[in-house]
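Residue-level listing of the chains:
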Amino acid sequence: MHVQEWLETIPAVSIYALVALVIGLESLGIPLPGEIVLVSAALLASQHGEINPFVLGACASAGAVIGDSIGYAIGRKGGRPLLAWLGAKFPKHFGEGHIATAERSFEKWGMWAVFFGRFVALLRIFAGPLAGVLRMPYWKFLIANVLGGIIWAGGTTAVIYYVGVVAESWLKRFSWLGLVLAVLIGLTSMLVLKRKAKKMQGEKQGSEPDAETVGVAE
């Protein structure tokens, strides 16, 4: 069943809770389709008056901010061993290359990596935990987290909702295009990051001395 069609079968309060929960878990570090669920819910709100877009955006923002904050706390407590454990259990999402790419973003952008990471599918699951592992001061993390969460979640809700209202006669077609676009954006960002991760992993392996070199040096 289409995500939007499924959302139509449940009450507005449940939709608010679902959106907040999925986005919160994704922000915490669990790979879930938070963006797709948010886009579908915003489109649904544009067609059904019982779903308040302001409440929807607030719930999505709250889920994003709270999820990232929990991820930060987990990362700060777990440290590097946590990343190693996640890499062993979920190599497709937490492999050395992916982590290296995320760390490079943090080194380059600092606290704003948390902000900009909100708009990139793969970095969304890394931002909170990695900021904790790297022991970013919480006040810096909180500022970037709140701004990123509100602008991403609230902005996405507003744009999709108002486009849906204006293009009412095209809604059914747009609902598909909106979801397809969200998926394509997510897949593209993940592929780009995956390519960068592999490149960085290759550079890292190339820079490590092999056993023979170490033996000669000794």
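So, how was this worked out
- Sequence positions are assigned chain by chain, starting from 1 and proceeding in written order.
- Two thresholds apply to this predicted model, a pLDDT of at least 70 for residue-level local features and 80 or more for giving and counting side-chain atom pairs, whereas whole-chain, interface and lining totals are computed over all residues.
- Each side-chain value is derived from all of the structure's non-hydrogen atoms; neither hydrogens nor water enter the calculation.
- Patches draw on residues past 30% relative accessible area with no salt bridge. Two like charges within 9 Å are joined, as are two nonpolar side chains (Val, Leu, Ile, Met, Phe, Trp, Tyr) within 5 Å.
- To be clear on the numbers: accessible area is Shrake-Rupley with a 1.4 Å probe, and residue cover counts the displayed protein chains and nothing else.
- The salt bridge criterion pairs a side-chain nitrogen of Lys or Arg with a carboxyl oxygen of Asp or Glu, the two atoms within 4 Å.
- Working definition: helices are DSSP H or I runs of at least four residues, strands are E runs of at least two. Numbering for both runs from the N terminus.
- Buried means the residue's accessible area, taken with a 1.4 Å probe over protein chains only, is under 20% of the maximum for its type, while exposed means over 50%, and partly exposed covers the values in between.
- In this analysis, the expected span of each helix is defined as 1.5 Å times one less than the number of residues it contains.
- The predictor reports its confidence for every residue as pLDDT, a score running from 0 up to 100.
- Residue contacts are defined here by distance: any two heavy atoms, one from each residue, within 4.5 Å place the two residues in contact.
- Pairing of aromatic rings covers Phe, Tyr and the six-membered ring of Trp, with a centre-to-centre limit of 6.5 Å; geometry is then stacked below 30 degrees between planes, edge-to-face above 60, and tilted otherwise.
- Axis definition: a line fitted to C-alpha atoms, limited for helices to the stretch in contact. Angles are taken between N-to-C directions and run from 0 to 180 degrees.
- Note that the term roughly parallel is reserved for angles under 35 degrees, roughly antiparallel for angles over 145, roughly perpendicular for angles of 65 to 115, and oblique for everything else.
- The hand of a helix crossing depends on one turn: near helix anticlockwise from the far one by less than a right angle means left-handed, and clockwise means right-handed.
- Gly counts as polar in this scheme, as do all residues outside two lists: the nonpolar Ala, Val, Leu, Ile, Met, Phe, Trp, Tyr, Cys and Pro, and the charged Asp, Glu, Lys and Arg.

Undergrad: Explain a nonpolar patch on the surface to me, please; I cannot follow it from the model alone.
TA: A contiguous nonpolar surface patch, about 810 Å² in accessible area, is contributed by Trp109, Trp112, Phe116, Phe119, Trp139, Ile143, Leu147 and Ile151. Contributions of two or more residues to the nonpolar patch are made by α7 (112-117) and α9 (138-166). Relative to the elements of secondary structure, isoleucine 143 occurs in helix α9. Judged by its relative accessible area of 38%, isoleucine 143 is partly exposed.

Undergrad: Explain helix α3 (residues 34-47) to me, please; I cannot follow it from the model alone.
TA: Quick reminder: α-helices carry 3.6 residues per turn. Residues three or four places apart thus point the same way. With 14 residues, α3 ought to run about 20 Å at 1.5 Å a step, and its terminal C-alpha atoms sit 20 Å apart, in line with that. Counting buried residues in α3 gives twelve out of 14 residues, a clear majority hidden from the surface. Among all positions in α3, only Gly34, Glu35, Val37, Leu38, Val39, Ser40, Ala41, Ala42, Leu43, Leu44, Ala45 and Ser46 are buried.

Undergrad: Would you explain the confidence of the model for the protein chain in this entry?
TA: As a note on interpretation, predicted positions should not be read in detail where pLDDT is low. Residues with a pLDDT of 70 or more make up 64% of the protein chain, whose mean pLDDT is 75. In this model, residues 208-218 is a region of pLDDT below 50 whose contacts with residues beyond four sequence positions or in other chains number one contact.

Undergrad: What exactly am I supposed to notice about unusual backbone geometry here?
TA: Apart from glycine, the bulk of residues carry a negative phi angle, and the bulk of peptide bonds sit in the trans form. In this model, arginine 135 sits at a positive phi of 55°, which is unusual for a non-glycine residue. On the secondary structure map, arginine 135 appears in the loop between α8 (121-133) and α9.

Undergrad: Quick question: what am I supposed to make of the packing of aromatic side chains here?
TA: Think of a pair of aromatic rings as described by two things: how far the centres are apart, and how the planes are tilted against each other in angle. Scanning all chains against the criterion turns up seven aromatic pairs. Their ring planes at 25° and their centres at 4.6 Å tell us that tyrosine 72 and phenylalanine 141 sit as a pair that is stacked. Taken together, the positions of tyrosine 72 in helix α4 (residues 53-89) and phenylalanine 141 in helix α9 put the pair 69 residues apart, joining distant regions of the chain. Phenylalanine 141 carries the same exposure label as tyrosine 72, and that label is buried.

Undergrad: What's the story with the packing of helix α2 (residues 12-28) against α3 in this structure? I'm lost.
TA: Helix-helix packing is characterised by the crossing angle of the two axes and by the distance between the axes. One can describe the packing of α2 onto α3 by two numbers: an axis separation of 9 Å at closest approach and a directional angle of 160°. One element, α2, and the other, α3, form an angle in the roughly antiparallel class. Crossing handedness for the pair α2 and α3: left-handed. Contacts between α2 and α3 involve Ile15, Val19, Val22, Ile23 and Glu26 on the former and, on the latter, Gly34, Glu35, Val37, Leu38, Ala41 and Leu44. Per-class residue counts for the contact of α2 with α3 are eight nonpolar, one polar and two charged.

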